[in-house]
Amino acid sequence: LRFLAGELGEERALETIVANPRMLLSSWGVLGRLAFVRELDVRKYVKSPSAVVMAAKAKFYDSQPDYAGWLRRQLDAAGVLSPGDDTLARLEQLHGSVLAAAFATRPKLKGADAG
């Protein structure tokens, strides 16, 4: 939820999850498409965050030719891109691993004991 709120804003993230709770079952790699859409401002080409996440891989890849290059730049910046990582499915999977690691920490709950 923190990732979705960061990509969409809290209100839109909540609206999106209420409208399509299946998004919470999506892999990190697929959820990472939202960062691509936000960063490259390709929102005009997609109908909704749900459409981005729920799109079949081939359909999304075909409709977004800049996605592979964006994934490679993200992975190179994270230091996890290897020469054999050339399929879009593998790039998306690796990007998902980077996102999962970044969001693996649990936020402290208000009023929770520190010890």
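Presented here is an overview of the structure given in this document. If you're wondering where the values come from, they're calculated on a predicted model, not measured in any experiment.

1. Quick word on the side chain of Glu7
Mapped onto the secondary structure, Glu7 falls in helix α1 (residues 2–8). Residue classification places Glu7 among the buried residues on the basis of a relative accessible area of 15%. Ignoring sequence-local partners within four residues, the contact set of Glu7 consists of Leu34, Ala35 and Arg38.

2. What to know about helix α7 (residues 67–78)
Its 12 residues place the ends of α7 17 Å apart at the C-alpha level, agreeing with the 16 Å of an ideal helix rising 1.5 Å per residue. Residues of α7 that are buried include every one of Tyr67, Ala68, Trp70, Leu71 and Leu75, and no others. The arc that holds the buried residues of α7, viewed along the axis, is 160°, so those residues lie on one side. Exposed residues pointing more than 90 degrees away from the buried face of α7 are listed as Asp76 and Ala77. The secondary structure elements touched by the buried residues of α7 are α3 (28–31), α4 (33–39), α6 (57–63) and α8 (88–102). The positive-phi residue at the C-terminal boundary of α7 is Gly79, with phi of around 75°.

Scoring rules and cut-offs
- Within any chain, residue numbers begin from 1 and follow the written order of that chain's sequence.
- A pLDDT threshold of at least 70 governs which residues receive local features in this predicted model, and a stricter bar of 80 or more applies before side-chain atom pairs are shown or counted, although totals over entire chains, interfaces and linings include all residues.
- Here the side-chain values reflect all heavy atoms present in the structure, with hydrogen atoms and water set aside.
- Going along the chain from the N terminus, every DSSP run of H or I of four or more residues is numbered as a helix, and every run of E of two or more is numbered as a strand.
- Exposure categories follow from relative accessible area, calculated using a 1.4 Å probe and restricted to protein chains: below 20% of the type maximum is buried, above 50% is exposed, and the middle band is partly exposed.
- Contact definition: two residues touch when any of their heavy atoms are within 4.5 Å.
- Each residue after the first adds 1.5 Å to the expected span of a helix.
- The arc under discussion is defined with respect to the helix axis, by the directions toward the C-beta atoms.

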